[in-house]
Amino acid sequence: MNAARNAVLALLLAASSAAAQEPLTVVPEPVDLSPVLSVGPILGQAALADALRSGLPVRMHFGVELWRDELLDDLVDGAEFVIVLRYEPIARRYEVFDSRRAATIGFYSSYAGMRAAIETSYAVGIRPRGRGRYYYLASLEVETLALSDLDELQGWLRGELTPAVGGGGSILGAIGNGAKRVFIRVLGLPARRVEARSPPFRIR
């Protein structure tokens, strides 16, 4: 068991080094084999920084899946969360919202400071429960969209869909995430999706 943990620790250290270049990596944590997502320089686009400073919130949607590595791979578990970045022009600060806490988790006076807080490692609370050979698949989607209604915006940022009922909602509130992504591409707003896969690991 110690040899297995040492091997996983080596993978984790290698992934931490690789994350300096890669936008996303995922490896099992050495003790309980839960996934650790490491985010690299994914916020380095000048267009993304400009969009944020122009008042467009940035939604970072993280997803991770645990797969059993067999002849026909089997999805065992999964989890997702959202981090939202916003710029407050009056206060001249960046706000970071985390859906896992349903609250703002920090304010930063510079874009570089916010990036340093975001481009880091994240632990996710899933793990294999039985013997077998496994691997993790992770994804990160970064996108921006401007909406006038703050309540509707917060719902969209959390991945929710608020239909327009009786004419009381906006048109954007009544369309799905797929249509919103098309809308983002048409406007030329920054959007990016990256994926990563962990090395396989075994529980005996």
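The rules we used
- Residues numbered from 1 in each chain as written.
- Predicted model: local features only at pLDDT ≥ 70, side-chain atom pairs only at ≥ 80, totals over all residues.
- Heavy atoms only, no water.
- Phe/Tyr/Trp six-rings, centres within 6.5 Å; stacked < 30°, edge-to-face > 60°.
- Lys NZ or Arg CZ within 6 Å of the ring centre and 35° of its normal.
- Buried < 20%, exposed > 50% of the residue type's maximum accessible area, 1.4 Å probe, protein only.
- Helix = DSSP H or I, 4+ residues; strand = E, 2+ residues; numbered from the N terminus.
- Arc of directions from axis to C-beta.
- Contact = heavy atoms within 4.5 Å.
- Salt bridge = Lys/Arg side-chain N within 4 Å of Asp/Glu carboxyl O.

**So, the packing of aromatic side chains**
All told, the structure shown has seven aromatic pairs when counted by the stated rule. Chaining the aromatic ring pairs together yields one cluster made of Phe-62, Phe-81 and Tyr-122. Above the plane of the ring of Phe-107 lies Arg-93, whose end atom (NZ or CZ) is 3.7 Å from the centre. Positioned over the ring face of Tyr-135 is Arg-197, at 3.7 Å from the centre of the ring.

**Overview of helix H2 (residues 46-53)**
Inspection of H2 places Leu-48, Ala-49, Ala-51 and Leu-52 among the buried residues, and these make up the whole buried set. Down the axis of H2, the buried side of the element spans an arc of 160°, and every buried residue falls inside it. Those residues of H2 that are buried are in contact with strand S3 (58-68), strand S4 (74-88), strand S5 (93-98), helix H3 (111-118) and strand S8 (132-144).

**Here's the deal with the environment of Ala-102**
Among the secondary structure elements, Ala-102 is positioned in the loop between S5 and strand S6 (103-108). We classify Ala-102 as exposed; its relative accessible area is 55%. C-alpha separation for the pair Ala-102 and Val-82, spaced 20 residues apart in sequence, amounts to 9.6 Å.

**Some remarks on the pattern of salt bridges**
In the structure shown here, the tally under the stated rule is nine salt bridges. Across the pair Asp-50 and Arg-53 runs a salt bridge whose closest N-O atoms are separated by 3.2 Å. Within this pair, Asp-50 and its partner Arg-53 are both found in helix H2, separated by three residues, close to a single helical turn. In this structure Arg-53 comes out as partly exposed when scored by relative accessible area, which is 40%.

Purely spatial values, then, with no claim about function.
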